[in-house]
Amino acid sequence: DQQVKQNSPSLSVQEGRISILNCDYTNSMFDYFLWYKKYPAEGPTFLISISSIKDKNEDGRFTVFLNKSAKHLSLHIVPSQPGDSAVYFCAASTFTGGGNKLTFGTGTQLKVEL
Amino acid sequence: DAEITQSPRHKITETGRQVTLACHQTWNHNNMFWYRQDLGHGLRLIHYSYGVQDTNKGEVSDGYSVSRSNTEDLPLTLESAASSQTSVYFCASSDLADTQYFGPGTRLTVL
């Protein structure tokens, strides 16, 4: 049962335009959400996060939006740059007694074209 | 600078062999995690630990084991390697917050 879903395996965007990556979740117990970026042959790197008590968090070109009623979050990248080409993973956090645990989506491959 | 390292970066082994993948972090984080990444599945949690002597099973723990004897290390052991365990393995660590920091990964091939 996939609790965190990224339904678009790939996305292609022109340089300078907006990239919108989507993520849906099913578990109401998730209380924190994160986006990670991954380049080939490297480990995922943390990009941006949002608490479930907020609906928006912004960090430079990156903004994450959370719609709790729809159990949906999105990552906006404006403007998109060729260096943004990577796989983006959405992750959701739950507290399991001893600490927090992340559940990841399957990832979206973003390609930013010149 | 604090970091998290994994070794080896690449490993080829044969079916039935025991394999141990190393993970070492200098963040002094209590929480450590092992994931595998496969096409179509994203990152799936294998085992995790919230401190010394603490270990827990994740969603895909069959055939894997971990032990935590100190804060810095969480080695992952494949007791008897199978071809289905060919994958890229990532170790991660975190403090009390949610953000996990990942190592560079180990690409394991089981022939």
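Look above for the structure.
Residues numbered from 1 in each chain as written. Chains lettered and ligands numbered in written order. Predicted model: local features only at pLDDT ≥ 70, side-chain atom pairs only at ≥ 80, totals over all residues. Heavy atoms only, no water.

1. A word on the state of the cysteines
Piece 1. Across all of its chains, the model carries two disulfides over all chains by this definition.
Piece 2. Cys23 of chain A shares a disulfide with Cys90 of chain A; S-S distance 2.0 Å. With the S-S dihedral at roughly -70°, the linkage between Cys23 of chain A and Cys90 of chain A falls on the left-handed side. Taken together, the residues Cys23 of chain A in strand β3 (residues 19-25) and Cys90 of chain A in strand β9 (residues 86-95) connect sequence positions 67 residues apart.
Piece 3. Its relative accessible area of 0% is what places Cys23 of chain A among the buried residues.
Piece 4. Residue Cys90 of chain A is classed as buried on the basis of its relative accessible area, which comes to 0%.
Piece 5. The side chain of Cys23 of chain B participates in a disulfide bridge whose partner is Cys91 of chain B; the two sulfur atoms lie 1.8 Å from each other. Of note, the bridge from Cys23 of chain B to Cys91 of chain B carries an S-S torsion of about -70° and is left-handed in sense. Pair noted here: Cys23 of chain B is in strand β3 (residues 19-25) and Cys91 of chain B is in strand β9 (residues 87-94), with a separation of 68 residues, a long-range link. (Disulfide = S-S within 2.5 Å. Helix = DSSP H or I, 4+ residues; strand = E, 2+ residues; numbered from the N terminus. Buried < 20%, exposed > 50% of the residue type's maximum accessible area, 1.4 Å probe, protein only.)

2. Digging into the sheet that holds strand β7 (residues 64-66) of chain B
All names here are of chain B.
Piece 1. Strand order in the open sheet formed by four strands is β1-β3-β8-β7, and the pairing between neighbours is antiparallel. Every interior strand has two partners, whereas the edge strands, β1 (4-7) and β7, have only one. Strand-to-strand, the axes of this sheet are offset by a mean angle of 20°, without reference to chain direction.
Piece 2. When β1 meets β3, the two strands line up antiparallel, connected through four bridges. The residue bridging Ser7 from the neighbouring strand is Ala22, located in β3. (Pairing = 2+ DSSP bridges. Axes fitted to C-alpha atoms, helices over the stretch in contact; angles between N-to-C directions.)

3. Overview of the side chain of Ser49 of chain B
Residues and elements named next belong to chain B.
Piece 1. Tracing the backbone through its elements, the reader meets Ser49 in strand β5 (residues 42-51).
Piece 2. You can call Ser49 buried: its relative accessible area is 0%.
Piece 3. From its side chain, Ser49 meets the backbone oxygen of Gly51 in a polar contact 2.9 Å long.
Piece 4. For Ser49, the side chain forms a polar contact with the side chain of Arg68, separated by 2.7 Å.
Piece 5. Every residue in contact with Ser49, bar those within four places of it in the chain, is listed here: Asn30, Asn31, Met32, Asp54, Thr55, Asn56, Arg68 and Leu74. (Polar contact = N/O pair within 3.5 Å; in protein donor to acceptor, adjacent residues only side chain to side chain. Contact = heavy atoms within 4.5 Å.)

4. What to know about the interface of chain A and chain B
Piece 1. Each side of the interface is counted separately: chain A has 20 residues, and chain B has 20 residues.
Piece 2. The junction of chain A with chain B conceals about 1,600 Å² of combined surface from both sides, 56% of it contributed by carbon and sulfur atoms.
Piece 3. Counting the surface chain A buries against chain B, the share from its top three residues, Pro44, Asn100 and Phe104 of chain A, is 30%.
Piece 4. Where chain A touches chain B, the interface holds zero salt bridges.
Piece 5. Counting the contacts that link chain A with chain B gives four residue pairs in polar contact (both at pLDDT 80 or more).
Piece 6. Listed by contribution, the elements that provide at least two residues to the side of chain A that touches chain B are β4 (32-38), β9 and β10 (100-104) of chain A.
Piece 7. Residues of the side of chain A that touches chain B, tallied by class, amount to nine nonpolar, eight polar and three charged. (Buried area = accessible area lost by both parts, 1.4 Å probe. Salt bridge = Lys/Arg side-chain N within 4 Å of Asp/Glu carboxyl O. Nonpolar A, V, L, I, M, F, W, Y, C, P; charged D, E, K, R; others polar.)

5. As for unusual backbone geometry
Piece 1. Following Val78 of chain A, the chain continues to Pro79 of chain A via a peptide bond in cis, the omega torsion being -15°.
Piece 2. On the secondary structure map, Pro79 of chain A appears in the loop between β8 (72-77) and β9.
Piece 3. Omega for the peptide link from Ser7 of chain B to Pro8 of chain B comes to -5°, which places this bond in the cis form.
Piece 4. Structurally, Pro8 of chain B is set in the loop between β1 and β2 (10-13).
Piece 5. The residue Asn28 of chain B is not glycine, and still its phi comes out positive at about 65°.
Piece 6. Note on placement: Asn28 of chain B falls in the loop between β3 and β4 (31-38).
Piece 7. Non-glycine residue Gln53 of chain B carries a positive phi angle of around 70°.

Read these as spatial facts, not as claims about activity.
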